[in-house]
Amino acid sequence: IISSIFYNHFNELVTEMPGTFEGRNAFIKTNIGEARLYGFDLRADYNFYEENIFYATASYVKGDDLTTGGSLPEIPPLNGNTGIRLNLLENLKADFFATVFAGQNKAATGELTTPGYAYFNFYLDAGTFNFSSVNFRITGGIENIFNKEYRNHLSTTRGYLTTEPGRNLFIKLITKF
């Protein structure tokens with residue numbers, strides 16, 4: 001288990017607050033005054049057989065505007081991942097995991113609250129192959145397997161696009177010289 005906690009106290013914090021500029025929605029740099037941020041990060045791995053593991057992560061941040069008694073903007077809700085990573089063959093690893101976000105109900109003034117959501121992902125990693133002095137690695141996967149529609153609390157600057165993209169299939173070739 002790996003964890004950390006943090007606490008930060010700010011005087012004259014400047015952040016972006018929702019507002020309008022020239023008749024359009026915009027984020028405007030605003031002096032908050034006194035504020036604090038605190039929270040934690042946590043990771044736990046359980047090696048249940050050889051190099052195969054169950055794992056979970058969690059992150060939490062709370063942002064308080066001490067001048068007005070409200071919440072700071074652009075603060076993510078409690079979130080994390082939980083999954084299983086398997087060694088299928090000598091150079092082939094699979095990772096199946098869920099990404100989970102709680103609802104953000106402590107939004108700043110002018111910010112929309114967001115409901116909680118979860119989506120599932122599957123990754124394959126073919127390991128590293130050497131060709132002369134160059135290393136190659138091939139990975140691929142499917143993100144948001146079930147095409148879940150959700151709204152990320154931190155993706156509020158895209159105008160009329162309020163939900164995240166759906167299912168994503170990818171393949172990557174990573175080279176190192």
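Residues numbered from 1 in each chain as written. Predicted model: local features only at pLDDT ≥ 70, side-chain atom pairs only at ≥ 80, totals over all residues. Heavy atoms only, no water.

**So, the side chain of aspartate 95**
Next, step 1: Within the element layout of this structure, aspartate 95 appears in strand 6 (residues 92-101).
Next, step 2: A polar contact of 2.6 Å, which involves the side chain of aspartate 95, links it to the side chain of tyrosine 55.
Next, step 3: Side-chain polar atoms of aspartate 95 contact the side chain of arginine 85, separated by 3.4 Å.
Next, step 4: If near-sequence neighbours (up to four positions away) are discounted, aspartate 95 is found in contact with Tyr55, Ile84, Arg85, Asn121, Phe122 and Tyr123. (Helix = DSSP H or I, 4+ residues; strand = E, 2+ residues; numbered from the N terminus. Polar contact = N/O pair within 3.5 Å; in protein donor to acceptor, adjacent residues only side chain to side chain. Contact = heavy atoms within 4.5 Å.)

**What about the pattern of salt bridges?**
Next, step 1: One pass over the full model with this rule turns up five salt bridges.
Next, step 2: For arginine 137, the salt bridge goes to aspartate 125, with nearest N and O atoms at 2.5 Å. In this pair, arginine 137 is assigned in strand 8 (residues 134-143) and aspartate 125 in strand 7 (residues 117-131), connecting sequence segments twelve residues apart.
Next, step 3: The class for aspartate 125 is buried, based on a relative accessible area of 16%. (Salt bridge = Lys/Arg side-chain N within 4 Å of Asp/Glu carboxyl O. Buried < 20%, exposed > 50% of the residue type's maximum accessible area, 1.4 Å probe, protein only.)

**Regarding a nonpolar patch on the surface**
Next, step 1: Residues Tyr46, Phe48, Tyr49 and Phe54 make up a contiguous nonpolar surface patch of about 450 Å² in total accessible area.
Next, step 2: Tracing the chain through its elements places phenylalanine 48 in strand 2 (residues 24-49).
Next, step 3: Phenylalanine 48 sits in the partly exposed class, given a relative accessible area of 32%. (Patch = residues over 30% accessible without salt bridge, like charges linked within 9 Å, V, L, I, M, F, W, Y side chains within 5 Å. Areas by Shrake-Rupley, 256 points an atom, 1.4 Å probe, with all protein chains shown as cover.)

**What to know about the environment of isoleucine 145**
Next, step 1: Structurally, isoleucine 145 can be placed in the loop between strand 8 and strand 9 (168-176).
Next, step 2: Sequence-wise, isoleucine 145 and asparagine 168 are 23 residues apart; in three dimensions their C-alpha atoms are separated by 7.8 Å.
Next, step 3: Dropping the residues within four chain positions of it, isoleucine 145 is found in contact with Phe96, Phe120, Asn121, Phe122 and Arg167.

**Examining the confidence of the model for the protein chain**
Next, step 1: Looking at the protein chain, pLDDT values average 90 and 97% of them are 70 or higher.
Next, step 2: No element of the protein chain has a lower mean pLDDT than strand 1 (residues 2-21), at 88, and none a higher one than strand 6, at 97. (pLDDT = per-residue confidence, 0-100.)

**Description of the nonpolar core**
Next, step 1: Formed by Leu13, Met17, Ile32, Ala35, Leu72 and Ile75, the largest nonpolar core amounts to six residues.
Next, step 2: Ignoring any residue separated from it by four or fewer positions in sequence, one finds leucine 72 in contact with Leu13, Ile32, Ala35, Arg36, Leu37, Gly63, Asp64, Asp65, Ala108 and Glu111. (Core = buried A, V, L, I, M, F, W, Y, C linked by side-chain atoms within 4.5 Å.)

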